[in-house]
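One letter stands for each residue in the lines below.
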Amino acid sequence: MEDTIVKKDRIVLESEVCFACLYIEIWDRIIMAHTNGILSLWDGTSMTKLDSVEIPIDKASESEDIAFSNKHELVISLFEWKIDIRKITPQGLSRQPIMTLSSLVSINAILILDHIDCFLIGSNKIELWSFETLKPAGIIDTESEGPIAEMIYIKKFNQLIVTTFGPNILFYDLKKKLMRRKVHFRNEHWANVIDFVEDQI
């Protein structure tokens, strides 16, 4: 078992630094994306490493985000300029990705929408991608409000909430792909992280 040290928003595991991690409750597993391009899978109870794969990335890239599709059993890893999509099981990670996507602009956020078989990519715009074809299925115009920082989806209201480095919080009708409301913050750090507890409504 490796020593684990929690430092604010990052976990230091020996010489590896994890900037993005995700807990898969149905499997009791933790996925970690490290700055050196390592994607690792951990047992959530014993905190032992079960598997790891290396994703070829630019040395200057950092892990930005990670997401899991329960429906398709896929993990999507975001390393600033590159997206890696691969199969995952409770026992391990696929050796080869089913798709990689390189971008000329920095990608900051990804969001899984299993109920409509899609995922979102947030850069200086929001791209809607199909899980079935693994190709773009549409674009949500952010009206040049600044690069996307984070995205969450509220199923109860069918509403997409997006933060930008503007700094703004944008509220979208996902079905119509239209912005319904915008909240601007003077302090750019306020709008970089959002969360929502749907069962509290």
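We now turn to the structure provided with this report. Note that the coordinates shown come from a computational prediction; the quantities given were computed from them, not determined experimentally.

Definitions and limits used
- Residues numbered from 1 in each chain as written.
- Predicted model: local features only at pLDDT ≥ 70, side-chain atom pairs only at ≥ 80, totals over all residues.
- Heavy atoms only, no water.
- Helix = DSSP H or I, 4+ residues; strand = E, 2+ residues; numbered from the N terminus.
- Buried < 20%, exposed > 50% of the residue type's maximum accessible area, 1.4 Å probe, protein only.
- Contact = heavy atoms within 4.5 Å.
- Areas by Shrake-Rupley, 256 points an atom, 1.4 Å probe, with all protein chains shown as cover.
- Pairing = 2+ DSSP bridges.
- Patch = residues over 30% accessible without salt bridge, like charges linked within 9 Å, V, L, I, M, F, W, Y side chains within 5 Å.
- Salt bridge = Lys/Arg side-chain N within 4 Å of Asp/Glu carboxyl O.
- Axes fitted to C-alpha atoms, helices over the stretch in contact; angles between N-to-C directions.
- Lys, Arg positive; Asp, Glu negative; His and termini not counted.
- Polar contact = N/O pair within 3.5 Å; in protein donor to acceptor, adjacent residues only side chain to side chain.

Quick word on the overall build of the protein
Right, on to step 1. Assigned secondary structure in the protein consists of zero helices and 18 strands.
Right, on to step 2. The 201 residues of the protein split such that 49% are buried.
Right, on to step 3. The contacts of the protein with a sequence gap of at least 6 include a subset with a gap of at least 24, amounting to 37%.
Right, on to step 4. Total accessible area on the protein stands at roughly 11,000 Å², and carbon and sulfur atoms take up 50% of it.

Points about the pairing of strand β6 (residues 49–54)
Right, on to step 1. Bridge analysis of strand β5 (residues 38–43) against β6 gives five bridges, and the strand direction is antiparallel. Bridge pairing in β6 links L41 to D51.
Right, on to step 2. Here β5 folds back onto β6, and the loop between the two strands holds five residues, one of which, M47, carries a positive phi near 55 degrees.

Observations concerning a nonpolar patch on the surface
Right, on to step 1. There is a patch of nonpolar side chains on the surface, built from W81, L104 and V105 and spanning about 330 Å² of accessible area.
Right, on to step 2. On the secondary structure map, L104 appears in the loop between β10 (99–102) and β11 (109–113).

Details of the pairing of β10
Right, on to step 1. A one-sided burial pattern is seen for β10, the buried positions being M99 and L101 and the unburied ones T100 and S102.
Right, on to step 2. Examined bridge by bridge, strand β9 (residues 82–87) and β10 share four bridges and lie antiparallel to one another. Counterpart to K82 in the pairing with β10 is S102.

Focus: the sheet that holds strand β13 (residues 126–130)
Right, on to step 1. Spatial strand order, β11-β12-β13-β14: four strands in an open sheet with antiparallel pairing. Every interior strand has two partners, whereas the edge strands, β11 and β14 (136–140), have only one. On average, each strand axis in the sheet is tilted by 20 degrees relative to the strand beside it, whichever way the strands run.
Right, on to step 2. When β13 meets β14, the two strands line up antiparallel, connected through four bridges.

Thoughts on the sheet that holds strand β8 (residues 74–78)
Right, on to step 1. A sheet is described by the order of its strands in space; here four strands give the open sequence β7-β8-β9-β10, paired in antiparallel fashion. The open sheet has two edge strands with one neighbour each: β7 (65–69) and β10. Pairwise comparison of adjacent strand axes, ignoring direction, gives a mean angle of 10 degrees for this sheet.
Right, on to step 2. Sheet topology places β8 next to β9; five bridges connect them, and they run antiparallel. Bridge assignment links L78 to a residue of β9, and that residue is I83.

Side note on the side chain of E127
Right, on to step 1. Within the fold, E127 resides in strand β13.
Right, on to step 2. The charged side chain of E127 is buried without a salt bridge, its nearest counter-charge being K125 at 4.3 Å.
Right, on to step 3. A polar atom in the side chain of E127 sits 3.2 Å from the side chain of W129.
Right, on to step 4. For E127, the residues in contact, after removing those within four places along its chain, are F119, L120, I121, P136 and G138.

Observations concerning unusual backbone geometry
Right, on to step 1. Notably, D28 is not glycine yet its phi reads approximately 55 degrees, a positive angle.
Right, on to step 2. The topology assignment puts D28 in the loop between β3 (16–24) and β4 (29–34).
Right, on to step 3. Residues other than glycine seldom take positive phi values, yet D117 does so here, at roughly 55 degrees.
Right, on to step 4. Here D117 shows up in the loop between β11 and β12 (118–122).

Details of the pattern of salt bridges
Right, on to step 1. All chains considered together, the criterion is met by five salt bridges.
Right, on to step 2. D43 is paired through a salt bridge with R29; the nearest N and O atoms lie 3.3 Å apart. Of the two residues, D43 sits in strand β5 while R29 sits in strand β4, which places them 14 residues apart along the sequence.
Right, on to step 3. Look at D43 and you get buried, because its relative accessible area is 15%.
Right, on to step 4. The class for R29 is buried, based on a relative accessible area of 14%.
Right, on to step 5. Where R95 meets D51, a salt bridge forms, and the shortest distance between an N and an O atom there is 2.5 Å. Of this pair, R95 sits in the loop between β9 and β10 while D51 sits in strand β6, and the two are 44 residues apart along the sequence.
Right, on to step 6. For D51, a relative accessible area of 17% puts it in the buried group.

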